[in-house]
Each structure stands twice: as C-alpha cells, then as structure tokens.
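Structural overview
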Amino acid sequence: LKTMMLQLQAARRASIAQNTLSLITFLQGVHESRRVVRTELQTEPYELWKDDSDKKAHASKVCSSYDILGILLQQEELFPKNLFLDNWGTSIKNCYEILEGFIEDMQKPDNSGPEYWKNFRWLYDQVKEK
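Residues numbered from 1 in each chain as written. Predicted model: local features only at pLDDT ≥ 70, side-chain atom pairs only at ≥ 80, totals over all residues. Heavy atoms only, no water.

**A few points about the packing of helix α1 (residues 2-28) against helix α4 (residues 53-73)**
Contact pair α1 / α4: the axes reach a minimum separation of 10 Å and the direction vectors enclose 165°. Between α1 and α4, the interaxial angle falls into the category roughly antiparallel. The interaxial crossing formed by α1 with α4 has left-handed handedness. Across from Leu-23, Phe-26 and Leu-27 in α1, the residues of α4 making contact are Ser-65, Tyr-66, Ile-68, Leu-69 and Leu-72. Residue composition of the contact of α1 with α4, grouped by class: 7 nonpolar, 1 polar and no charged. (Axes fitted to C-alpha atoms, helices over the stretch in contact; angles between N-to-C directions. Helix = DSSP H or I, 4+ residues; strand = E, 2+ residues; numbered from the N terminus. Parallel < 35°, antiparallel > 145°, perpendicular 65-115°, else oblique. Left-handed = near helix turned anticlockwise from the far one by under 90°. Contact = heavy atoms within 4.5 Å. Nonpolar A, V, L, I, M, F, W, Y, C, P; charged D, E, K, R; others polar.)

**Some details on the environment of Leu-78**
Mapped onto the elements, Leu-78 comes out in the loop between α4 and α5 (81-106). The class for Leu-78 is partly exposed, based on a relative accessible area of 33%. Taking the C-alpha atoms as reference points, Leu-78 and Ile-16, 62 residues apart in sequence, are found 5.6 Å from one another. In contact with Leu-78, other than residues within four places in its own chain, are Ile-16 and Asn-19. (Buried < 20%, exposed > 50% of the residue type's maximum accessible area, 1.4 Å probe, protein only.)

**Comments concerning the side chain of Lys-81**
Position of Lys-81 relative to the elements: it lies in helix α5. Classification of Lys-81 as buried rests on a relative accessible area of 19%.

**Comments concerning the nonpolar core**
Counting residues in hydrophobic clusters, the biggest one holds 30 residues, and the most contacted among them are Tyr-66, Leu-69, Phe-84, Ile-92, Leu-99, Phe-102 and Phe-120. Every element with two or more residues in this core is listed here: α1, α3 (46-49), α4, α5 and α6 (118-129). At 11 residues, the largest contribution of residues to this core is made by α5. Not counting residues up to four positions away in its chain, the partners in contact with Phe-102 are Tyr-46, Trp-49, Lys-56, Ala-59, Ser-60, Cys-63 and Trp-117. (Core = buried A, V, L, I, M, F, W, Y, C linked by side-chain atoms within 4.5 Å.)

**Description of the environment of Thr-25**
Inspection of the secondary structure puts Thr-25 in helix α1. With relative accessibility at 56%, the residue Thr-25 sits in the exposed group. Here Leu-21 takes part through its backbone oxygen, which lies 2.9 Å from a polar atom of the side chain of Thr-25. (Polar contact = N/O pair within 3.5 Å; in protein donor to acceptor, adjacent residues only side chain to side chain.)

**Considering unusual backbone geometry**
Residues other than glycine seldom take positive phi values, yet Trp-117 does so here, at roughly 60°. Residue position: Trp-117 is located in the loop between α5 and α6. Accessibility expressed as a relative area gives 3% for Trp-117, which makes it buried.

Right, here's the structure in full:
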C-alpha cells in the first residue's frame with residue numbers, strides 16, 4: 001500500500017510538472033502581444049487605439065491568455081499558483097492596468113458582457129494581494 005501511495009504521489013508530481021511546462025509554453029506564445037501592450041499601448045490611451053485592429057488583436061490575445069491562466073490557477077491541484085504569480089505578476093499587473101479601458105468596454109452588456117475576462121481580473125487581484 002505504501003509503495004502504491006508513493007507511486008501515485010510521484011505520478012501526480014510528474015503530471016503537475018508537465019501541466020506547468022505546457023502552461024509556460026502557452027504563455028511564451030503570447031510574448032509578442034505582451035510586449036506590444038507593455039510598450040506601445042502603455043503610453044497610448046484606449047480611446048486612441050480602440051479602432052486599430054492590430055492593437056486590439058494584441059490586447060485581446062493578452063486578455064484571453066491571462067484569463068485562461070486565471071481559470072487554470074483556480075484549479076490549485078493542477079498548477080503551482082505562486083510560481084505563476086511570482087514570475088508573471090508584474091506583467092499581469094501592468095497589462096491589466098494598461099488594458100482596463102479595453103476590458104471594461106468588452107464587458108459592456110452590448111459587447112461580451114460582465115463575465116468576459118473576469119478571470120483576468122481575478123488573476124490581477126491575486127497579484128495585488130501578494
């Protein structure tokens with residue numbers, strides 16, 4: 001019984017490690033969009049870029065990826081939450097604050113509604129609490 005428990009624990013750790021690597025790879029795939037948000041959009045009010053489809057595409061990609069990260073990190077048994085909050089926390093905070101006008105616009109009832117990207121907000125709140 002003890003051997004079986006140790007094997008299960010080892011399998012669980014391996015699964016968490018694989019899940020973590022997959023999520024890191026996913027986040028790295030959005031690096032360019034995060035760069036655009038944190039450099040180009042940081043100094044440009046939303047009202048000036050809201051009709052620019054390229055900038056909106058980058059903003060949307062960042063919001064969606066961090067929303068997915070928020071969803072997954074709420075499943076604490078699958079991912080080490082603090083690993084992501086510690087390593088991506090500054091980016092999460094900066095991106096959320098830069099994109100807040102865009103997010104609010106997308107959450108209007110005549111757009112996607114208040115539930116849209118709500119997990120990105122949860123993620124932002126987690127970073128602020130650290």
